Amino acid sequence: MTTAAVHVTGVSKIFRLAKGAETVALDGIDLAVAPGEFVSLIGPSGCGKSTLLRLIADLDQPTSGDIRVFGKTARAARIDQDYGIAFQQAGLLPWRTVAGNIELPLELHKVGKPARQSRAAELLALVGLSDVADRYPDQLSGGMQQRVAIARSLAESPELLLMDEPFGALDEMTRERMQAELVRICGETGAAVVFVTHSIPEAVFLSDRVVVMSPRPGRIRQIVDVALGSAGERADDLREASSFFAAVSAVREALHGSPVAEAASAARGVETR
Ligand SMILES: Nc1ncnc2c1ncn2[C@@H]1O[C@H](COP(=O)(O)OP(=O)(O)OP(=O)(O)O)[C@@H](O)[C@H]1O
Ligand SMILES: [Mg+2]
């Protein structure tokens, strides 16, 4: 059996607040993401999507349960920098240029300067920002900053990408272009992705599986198998295909969580939790 890219077992997260109050952000989460698999997390605001991603990235620790990244503890995987991260807040270093930000992970891994520079140039072209390589992050729009963060997360062609609403600040056209690019990049590099989004069509277009979460306490309500084809088969015309609309409906029904919807999903071969 191959080692999962991400293996989350029985994970709960309780935030303890002042005066004994607490928030159960996640409860009993089990999820395995295979190498090369694209999994989206979708659910109402506050259901724990970002928390789950932060636990996988070892930016916070679970209250109970276990998290493995390529078989390592989350902590060991973070120290080894086994994945690229692109979160909604771009998280760029303000004192470094755009190119300097993209080169950072390569610098940390002691990649030589010429190789770093050519990789940064390649990624800047990919995200359409070649002409702002020498600018500083605060001279860019929010959407441009997000694209720099995406380029940075791809710098080392990681086998795992953790992305929290990375396209949230992009206009619709750029967003669809970045989605198509992400599908292509993942097809080429074989990267596994855990991707948080509020957009059902985005989740469906990108994913092999869509994990639908329910609020307070955050639990997995349903996992919808999408798999609309390999990267090469997922061109823009897929967005007009009946299989695309059927998957969008399945995810929407799962999100709304009505019993009728669940029966309909089951009839379509959707895995129910
Ligand atoms: N550091 C923290 N301290 C206390 N409570 C927290 C903390 N971080 C998150 N929470 C709570 O945990 C719950 C889940 O938050 P989280 O940010 O994971 O939600 P989300 O699904 O990402 O929401 P959104 O879609 O709005 O980004 C919320 O109720 C939130 O208030
Ligand atoms: Mg969030």
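Residues numbered from 1 in each chain as written. Chains lettered and ligands numbered in written order. Predicted model: local features only at pLDDT ≥ 70, side-chain atom pairs only at ≥ 80, totals over all residues.

Here 4 strands make up an open sheet; going across it, the order is β2-β1-β4-β5 and the pairing antiparallel. The sheet is open, and its two edges are formed by β2 (22–33) and β5 (72–73), each paired on a single side. Pairing between strand β1 (residues 6–16) and β2: 8 bridges, direction antiparallel. Note on β2: the bridge partner recorded for Val11 is Ile29. (Pairing = 2+ DSSP bridges. Helix = DSSP H or I, 4+ residues; strand = E, 2+ residues; numbered from the N terminus.)

Quick look at the site of ligand 1 now. The immediate surroundings of ligand 1 are formed by Phe15, Thr23, Ala25, Ser45, Gly46, Cys47, Gly48, Lys49, Ser50 and Thr51. Within the residue set of the shell around ligand 1, elements represented by two or more residues are β2 and α1 (49–56). Per element, the largest residue contribution to the shell around ligand 1 is 3 residues, and it comes from α1. When its residues are assigned to classes, the shell around ligand 1 shows 3 nonpolar, 6 polar and 1 charged. (Near = placed C-beta within 6 Å. Nonpolar A, V, L, I, M, F, W, Y, C, P; charged D, E, K, R; others polar.)

With that settled, consider the pairing of strand β7 (residues 160–164). Side-chain direction in a regular strand flips from residue to residue, so the side chains alternate between the two faces of the sheet. Of all 5 residues in β7, 5 are buried; the element is thus mostly enclosed. Two strands pair when backbone bridges link them, and strand β6 (residues 84–86) and β7 are joined in this way by 3 bridges, in the parallel orientation. Residue Gly84 lies in a different strand from β7, and its bridge partner there is Leu161. Bridging between β7 and strand β8 (residues 192–196) involves 5 bridges; their strand directions are parallel. Its bridge partner being in β8, Leu160 is matched across the sheet by Ala192. In this fold, the crossover linking β7 to β8 by way of helix α6 (residues 172–189) has right-handed handedness. (Buried ≥ 20, exposed ≤ 12 C-beta atoms within 10 Å, placed from the backbone. Right-handed = clockwise from strand over helix to strand, strands pointing away.)

Buried residues of helix α3 (residues 98–108): Val98, Ala99, Asn101, Ile102, Glu103 and Pro105, and no others. The secondary structure elements touched by the buried residues of α3 are α4 (113–126) and α5 (142–154). Remark: Lys110 follows α3 within two positions and exhibits a positive phi of approximately 60 degrees. (Contact = placed C-beta atoms within 7 Å.)

The next subject is the nonpolar core. If you look at the biggest cluster of nonpolar residues, it comprises 76 residues, and the most contacted ones within it are Ile56, Leu162, Val193, Val194 and Val251. No other element matches α5, which puts 6 residues into this core. When residues of this core are assigned to domains, at least three map to each of domain 1 (6–83 + 159–272) and domain 2 (93–157). For Val194, the contacting residues outside a window of four places in its chain are Val6, Val33, Val39, Leu41, Leu53, Ile56 and Leu162. (Core = buried A, V, L, I, M, F, W, Y, C linked by C-beta atoms within 7 Å. Domains from an automatic or database assignment.)

Note that Asp80 resides in the loop between α2 (74–79) and β6. Exposure remark for Asp80: the 12 C-beta atoms within 10 Å place this residue in the exposed category. Along the sequence, Asp80 and Ser40 sit 40 residues apart, while their C-alpha atoms lie 24 Å from each other.

Remark: α3 packs on α4, axes separated minimally by 9 Å, with the N-to-C direction vectors making an angle of 125 degrees. Our classification of the angle between α3 and α4 gives oblique. You can see that α3 and α4 cross each other, and the crossing is right-handed. Residues Ala99, Ile102, Glu103, Leu106 and Glu107 of α3 form the contact with α4, whose own contacting residues are Arg116, Arg119, Ala120, Leu123 and Leu124. The class makeup of the residues in the contact of α3 with α4 is 6 nonpolar, no polar and 4 charged. (Axes fitted to C-alpha atoms, helices over the stretch in contact; angles between N-to-C directions. Parallel < 35°, antiparallel > 145°, perpendicular 65-115°, else oblique. Left-handed = near helix turned anticlockwise from the far one by under 90°.)

As a further point, take the UniProt feature "domain: ABC transporter" (unreviewed entry) in the protein chain. On the UniProt side, "domain: ABC transporter" (unreviewed entry) is annotated at positions that read residues 6–240 here. The annotated region residues 6–240 carries 33% helix and 26% strand content, and the separation between its end C-alpha atoms amounts to 32 Å. (UniProt positions renumbered as here; feature names shortened; annotations may be inferred.)

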